[in-house]
Amino acid sequence: MNCQKRHIQITQEMKEKVDKGNASANLGRVLYSVGNYGNAIDWLNIHLKLAKEKGDKAEEGDAYGNLGIVFHRLGDFNKAIHYHKLHLNIAKELANKAGEGTAYCNLGSAFNNLGDLKEAMDFHNLHLKIAKEVGDKVGEGNAYGNLGIVFAGIGDFKTAIEYQSLRLKIAKEVGDKAGEGCAYGSLGNAFRGMGHFQIAVDYQTQSLRIAQDIGDKAAEGSTYCNLANACLGLGDVQRAIAYQNQSLEIAKEIGDKAGEGRAYGNLGNAMENLGHIQKAVVYYNLQLKVSKEVGMKIMKGTAHGNLGNAFYRLGDLKKSIEHHNLHLEIAKEVGDKVGEGKAYGNLGNIFHHLGEFQTAADHYKACLKISKEVGDNAMEGSAYAN
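A. Just the overall build of the protein chain, in detail. When helices and strands are tallied, the protein chain shows 19 helices and 0 strands. Since a compact globule built from 386 residues should have a radius of gyration of about 21 Å, the 23 Å found for the protein chain is in line with a globular shape. Buried positions account for 50% of the 386 residues belonging to the protein chain. Considering only contacts in the protein chain between residues 6 or more positions apart, those separated by 24 or more positions represent 46%. Roughly 17,800 Å² of accessible area belongs to the protein chain as shown, and the carbon and sulfur atoms make up 53% of that amount. Computed over 45 positive and 45 negative side-chain charges, the inter-centroid distance for the protein chain is 2 Å.

Okay, structure coming up:
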C-alpha cells in the first residue's frame, strides 16, 4: 500500500512539473513576443530547470531554443548562438530532424546579424537540406527566404530576388500567408538595394496588405518601416516620416521595444535627410535610451554610430569621434563585423577631415579588411574609394 501511495505521489509530482514546465514555457514565449525580455528569460529558465529535473531532453532542447530567440531579439547574438547550439546538440542526440532544422535556421539568422555571412549561409543551407529531406515545405520556403536575406547583405541583389521568389512561390503553394507577406517585404528590400524604389514600394504595399489581413501587428509595423525606407529612396521624405510614425505607434501599442528603437533611428535618418540635424540627434538619443532599457547592444552601437554621423554634420568632431569609438567598442564586444567596419570607415572620414591622413588610412584599411572578410561589396567599394 505504501508503495502504491508513493507511486501515486511521484506521478502527481511529475504531472505538476509537466504542467508547470508547459505553463512557464508558454508564459516565456508570450512575454518575449511583447518585448518583455527580462521576465521572459526568468520564465524560460524555470522551464529549463524543470525540464532537466524530469529528464525531458526534448523539453530541455525547446527551452534552449526559446532562450536563444530571446537573446537574439535583445541583440546579444553570441549568447543566442550559445543556446541555439545547445538546442542543436540535443536535436541531433534525439534524431529530431525538425528540431535540428529549426536550430540551423536560428543559428543562420544569428550569424547573419553578426555580419558573419559565410557562416549564416552555411547554416541556412543545412536548414534547406533538412527541410527538403523531411518534406517541410514551409521550412524550405523560410530557408530560401533567409538565404535571400544573406545574399542581399553581401550586395548580390539579383540572387537575393531569385531566392525570395522561390520563397514566395512555396508560400503561395502551401497557403502560408505570413510567409508570403515576408517574401513580398524581402523582395521590396532587395529592389530598394538595387535602387528600384517604386518597385520596392509596390512589394512593401503587398506585404502590408497581408499583415493587416492576418492581423499581424508586428509585421505591419516592420512593413511601415520598410515602406518609409523605400520612400526615402524616392526622395519623398514627408511620406517616409508618416510611415515611420505609424511604425512607431504600432511598436508602442504592442510593446515592441526593438521596433520602437528602429523607428526612432529611422526618424532620425529622415530628419537628417531634411537637414534638421538637431531634431535627428533627439531621435537618435531616444533610440539609444530604448536600446539601453532593453539591453539591445547592437542597436545601442547603431545609435552611437548615428549620433557620430549627426555630430560630424554639426561640426562637433570631438563628440563625433566619441560616439563612433563607442560604436566600434560595442561592435567588437558583440562580434558585429558589419558595425565594426562602418565604425572604422566613419572614423576614417573624420581623421581625413582633420588632415590626419595616416590615421585615416589606417582606419580605412581596417574597414576594407572587414568588408572582404564578410563579403560586403558596398562597404568594400566605399573603402577603396576612400
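Moving on, there is more to tell.
B. Spotlight on the environment of arginine 209. Looking at the secondary structure, you find arginine 209 in helix α10 (residues 197–214). On the accessibility criterion, arginine 209 (46% relative accessible area) is partly exposed. Here the alpha-carbon distance between arginine 209 and glycine 181, two residues 28 residues apart in the chain, equals 8.2 Å.

C. Layout of the state of the cysteines. Taken as a whole and judged by the stated rule, the model has 0 disulfides. Not part of a disulfide, cysteine 182 finds its nearest cysteine sulfur in cysteine 105, a span of 11 Å. Taking relative accessible area as the criterion, cysteine 182 reaches 39% and is therefore assigned partly exposed.

D. Representation of the packing of helix α6 (residues 117–134) against helix α7 (residues 137–153) in the model. Across the interface, α6 lies against α7 with an axial gap of 8 Å and an inter-helix angle of 160 degrees. Considered as vectors, α6 and α7 are oriented roughly antiparallel to each other. When the axes of α6 and α7 are compared, the crossing they make is left-handed. Residue-level inspection shows Leu117, Ala120, Met121, His124, Asn125, His127, Leu128, Ala131 and Lys132 of α6 in contact with α7, the latter providing Gly139, Glu140, Asn142, Ala143, Tyr144, Asn146, Leu147, Val150, Phe151 and Gly153. Tallied by class, the residues present in the contact of α6 with α7 amount to 10 nonpolar, 7 polar and 2 charged.

E. Highlighting the packing of aromatic side chains. Summed over the entire model, instances satisfying the criterion amount to 10 aromatic pairs. Pairing phenylalanine 191 with tyrosine 203 gives two aromatic rings, centres 5.6 Å apart and planes at 10 degrees, and the pair type is stacked. With phenylalanine 191 in helix α9 (residues 177–193) and tyrosine 203 in helix α10, this pair connects stretches of sequence that are 12 residues apart.

F. The confidence of the model for the protein chain, seen in detail. This prediction gives the protein chain a mean pLDDT of 89; 91% of its residues lie at or above 70. Mean pLDDT in the protein chain bottoms out at helix α19 (residues 377–385), which sits at 56, and peaks at α10, which reaches 97. In this model residues 3–15 is a low-confidence stretch, pLDDT under 50, and it forms 2 contacts with partners more than four residues away in sequence or in other chains.

G. Inspection of helix α16 (residues 317–334) at higher detail. The terminal C-alpha atoms of α16 lie 26 Å apart, and with 18 residues this matches the ideal 26 Å at 1.5 Å per residue to within 8%. Of the positions making up α16, those classed as buried are Leu317, Ser320, Ile321, His323, His324, His327, Leu328, Ile330, Ala331 and Val334. Looking at the buried side of α16, the elements it contacts are α4 (77–93), α15 (297–314) and α17 (337–353). With its phi angle positive at about 80 degrees, glycine 335 sits one or two positions after the end of α16.

H. Main features of the pattern of salt bridges. All told, the structure shown has 19 salt bridges when counted by the stated rule. Here lysine 49 and glutamate 53 are joined by a salt bridge, their closest N and O atoms 2.7 Å apart. Taken together, the residues lysine 49 and glutamate 53, both in helix α2 (residues 37–53) and 4 residues apart, mark about one turn of the helix. Classification of glutamate 53 by relative accessible area gives partly exposed; the value is 39%. Among the ionic contacts, a cluster of salt bridges with common partners joins Lys97, Glu100, Lys129 and Glu133.

Basis of the calculations
Residues numbered from 1 in each chain as written. Predicted model: local features only at pLDDT ≥ 70, side-chain atom pairs only at ≥ 80, totals over all residues. Heavy atoms only, no water. Helix = DSSP H or I, 4+ residues; strand = E, 2+ residues; numbered from the N terminus. Rg over C-alpha atoms; globule rule 2.2 N^0.38 Å. Buried < 20%, exposed > 50% of the residue type's maximum accessible area, 1.4 Å probe, protein only. Contact = heavy atoms within 4.5 Å. Areas by Shrake-Rupley, 256 points an atom, 1.4 Å probe, with all protein chains shown as cover. Lys, Arg positive; Asp, Glu negative; His and termini not counted. Charge placed at Lys NZ, Arg CZ, Asp CG, Glu CD. Disulfide = S-S within 2.5 Å. Axes fitted to C-alpha atoms, helices over the stretch in contact; angles between N-to-C directions. Parallel < 35°, antiparallel > 145°, perpendicular 65-115°, else oblique. Left-handed = near helix turned anticlockwise from the far one by under 90°. Nonpolar A, V, L, I, M, F, W, Y, C, P; charged D, E, K, R; others polar. Phe/Tyr/Trp six-rings, centres within 6.5 Å; stacked < 30°, edge-to-face > 60°. pLDDT = per-residue confidence, 0-100. Expected span 1.5 Å × (residues − 1). Salt bridge = Lys/Arg side-chain N within 4 Å of Asp/Glu carboxyl O.

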